[in-house]
Amino acid sequence: MSLVVVGSVAYDSVETPLGQRDDVLGGSGTFFSLAAAAFTRPSLVAVVGEDFRPEDEALLAEKNIDLAGLTRVPGKTFRWGGRYHSDMNGRDTLFTELNVFEKFAPKLTPEQRRAGFLFLGNIQPTLQASVLEQVDSPRFVAMDTMNLWISTARDELVSVVRRVDAVFINDEEAHQLTGKRTMVLAAREIQAMGPDLVVIKRGEHGALVFNGDDVFYAPAFPLEKVVDPTGAGDTFAGAFVGYLAASADLSTANVRRAAIIGALMASFCVEGYSVERLRHVDAAAIRDRYRAFLELTSFDAPAL
Ligand code: AMP
């Protein structure tokens, strides 16, 4: 089924213990759609400025992403800067410049309005709401968010949470949003707001999937070298929702499988700066890592 995503398309400046990159392609919408495009043709709704490099647009187009909803306007592209802690898990935001996103008023095409799957990527909650209002009757709506919006636009954010089927959020944000100490209590609190499916991402410690009463754990793939974790969460969500949209199957078993696919694609994302690794992932690489994931997680389980 068709998948529409709204999210940021950005130039990121990133410092990790291994090095630094400035003005590299990033954004929640970018990582999400690149990951989803491995399974389906996502339609990206976003805005960029005059400084958006033609080669970056060409990359997205070449990766089978529908760019009918990518608008170019006068002004600067969204910019974000972050510095990772030495464990590569925690990070501090150094700056967030909304730039052209400040005045963005997305208008979906008739085809996008009929989308079966909608992902409200991390961006201002008011923008998420405006896209949500334009879709006719999607089968599945999921969202992501970030600490900035929890602290600056909490009410708007919660009103979006109440209207979606699924929330992707990291552990710190889940704590910030609910005040609950354990992830089980935080997930239950978010589920009580409305969404049946709550996915709590925990960086290198994997992701917990609360789907109604079903609880599933998808580990992060153990890697020798993590280069840049930026976008791992969006990549996880992109592969997860892209896989669900491609299979049009929301059964418990398929949601569990989608979580593994999400973890698998996220493991590629962190192996390079920006989209450098993700852009070169092909079907063979996905199959190899899928096999490695099965080996990692399967065990002979005699009765105890
Ligand atoms: P992740 O590492 O999955 O949390 O995603 C990081 C990406 O989100 C970066 O590429 C940023 O450009 C983008 N980003 C960071 N902060 C925001 C924000 N407040 N709104 C929208 N996108 C953001």
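For clarity, every value in this text was computed on a predicted model and none was experimentally measured.

A few words now on the packing of aromatic side chains. Ring pairs (aromatic) are described by centroid distance and by the angle formed between their planes. All chains considered together, the criterion is met by 11 aromatic pairs. Measuring from ring centre to ring centre gives 5.5 Å for Phe 117 and Phe 140, while their planes differ by 45 degrees; the resulting arrangement is tilted. Of this pair, Phe 117 sits in strand E8 (residues 117–120) while Phe 140 sits in strand E9 (residues 140–144), and the two are 23 residues apart along the sequence. Side by side, Phe 117 and Phe 140 carry an identical accessibility label, which is buried. Both rings, one in Phe 119 and one in Phe 168, keep their centres 5.9 Å apart while their planes meet at 70 degrees; by these two values the pair is edge-to-face. With Phe 119 in strand E8 and Phe 168 in strand E10 (residues 166–170), this residue pair connects regions lying 49 residues apart in the sequence. When sorted by exposure, Phe 119 lands in the same class as Phe 168, which is buried.

A word on the packing of helix H10 (residues 252–269) against helix H11 (residues 283–297). Running from N to C, H10 and H11 point in directions that differ by 115 degrees, and their axes come no closer than 10 Å. Both H10 and H11 take part in a crossing whose hand is right-handed. Residues Arg 257, Ile 260, Ile 261, Ala 263, Leu 264, Met 265, Ser 267 and Phe 268 of H10 pack against Ala 285, Ile 286, Arg 289, Tyr 290 and Phe 293 of H11. Here the contact of H10 with H11 is composed, by residue class, of 10 nonpolar, one polar and two charged.

Take the site of the ligand next. Taken together, 21 residues sit near the ligand, with Ser 8, Asp 12, Gly 27, Gly 231 and Asp 234 positioned nearest. Between the ligand and the protein, one listed contact pairs a nitrogen atom with a side-chain N or O atom of Asn 122 at 3.4 Å. Contact with the protein chains covers 95% of the free accessible surface of the ligand, which is 510 Å². For the shell around the ligand, the elements supplying multiple residues, two or more each, are strand E2 (10–16), helix H1 (28–36), strand E6 (78–84), helix H5 (147–152) and helix H9 (232–247).

Here we take up the pairing of strand E13 (residues 214–218). Examined bridge by bridge, strand E12 (residues 207–211) and E13 share five bridges and lie antiparallel to one another. For Leu 208, the partnering residue across the bridge sits in E13 and is Tyr 217. The turn linking E12 back onto E13 is made up of two residues, and Gly 212 within it adopts a positive phi angle of 60 degrees.

Among the nonpolar cores identified, the biggest contains 106 residues, and Phe 101, Leu 120, Phe 168, Phe 240 and Val 241 are the most heavily contacted of them. Take this core: its biggest share by element is 11 residues, from H10. Among residues more than four places away in sequence, those in contact with Leu 120 are Val 6, Gln 128, Val 131, Leu 132, Val 141, Ala 142, Met 143, Asp 144, Val 160 and Val 164.

Walk down a regular strand and you will see the side chains alternate between the two sheet faces. Counting buried residues along strand E4 (residues 42–48), seven of its seven residues qualify, which places the element largely inside the surrounding structure. Residues Pro 42, Leu 44, Ala 46 and Val 48 line one face of E4 and the alternating positions Ser 43, Val 45 and Val 47 line the opposite face, and both faces are buried. Direction of pairing for strand E1 (residues 3–6) relative to E4: parallel, over a ladder of four bridges. Bridge pairing in E4 places Val 4 opposite Ser 43. Taken together, the three bridges between E4 and strand E5 (residues 70–72) define a ladder with parallel strand orientation. From the neighbouring strand, Ala 46 faces E5, where its bridge partner is Leu 70. Crossover handedness for the path E4 to helix H2 (residues 54–62) to E5: right-handed.

A word on unusual backbone geometry. Among all residues except glycine, the phi angle is most often negative; among peptide bonds, the trans geometry is most common. Non-glycine residue Asn 99 carries a positive phi angle of around 50 degrees. Its location among the elements puts Asn 99 in the loop between strand E7 (91–97) and helix H3 (110–113). Not every positive phi belongs to a glycine, and Ala 248 is a case in point at roughly 50 degrees. The exposure class assigned to Ala 248 is partly exposed, which follows from its relative accessible area of 30%.

The next subject is the sheet that holds E12. The nine strands are arranged E5-E4-E1-E8-E9-E10-E11-E12-E13 in an open sheet whose pairing can be described as mixed. One side of each edge strand has no neighbouring strand; the edge strands of this open sheet are E5 and E13. Across the sheet, the mean angle separating the axes of adjacent strands is 15 degrees when strand polarity is ignored.

Our next topic: H11. For H11, which comprises 15 residues, the first-to-last C-alpha distance of 21 Å matches the rise-based estimate of 21 Å (1.5 Å per residue) to within 8%. Every buried residue of H11 is listed here: Ala 285, Ile 286, Arg 289 and Phe 293. Along the axis of H11, the buried residues cluster in a sector spanning 95 degrees; they form a single face. Against H10 lie the buried residues of H11.

Reading guide: rules and limits
Residues numbered from 1 in each chain as written. Predicted model: local features only at pLDDT ≥ 70, side-chain atom pairs only at ≥ 80, totals over all residues. Heavy atoms only, no water. Phe/Tyr/Trp six-rings, centres within 6.5 Å; stacked < 30°, edge-to-face > 60°. Helix = DSSP H or I, 4+ residues; strand = E, 2+ residues; numbered from the N terminus. Buried < 20%, exposed > 50% of the residue type's maximum accessible area, 1.4 Å probe, protein only. Axes fitted to C-alpha atoms, helices over the stretch in contact; angles between N-to-C directions. Left-handed = near helix turned anticlockwise from the far one by under 90°. Contact = heavy atoms within 4.5 Å. Nonpolar A, V, L, I, M, F, W, Y, C, P; charged D, E, K, R; others polar. Near = heavy atom within 4 Å. Polar contact = N/O pair within 3.5 Å; in protein donor to acceptor, adjacent residues only side chain to side chain. Areas by Shrake-Rupley, 256 points an atom, 1.4 Å probe, with all protein chains shown as cover. Pairing = 2+ DSSP bridges. Core = buried A, V, L, I, M, F, W, Y, C linked by side-chain atoms within 4.5 Å. Right-handed = clockwise from strand over helix to strand, strands pointing away. Expected span 1.5 Å × (residues − 1). Arc of directions from axis to C-beta.

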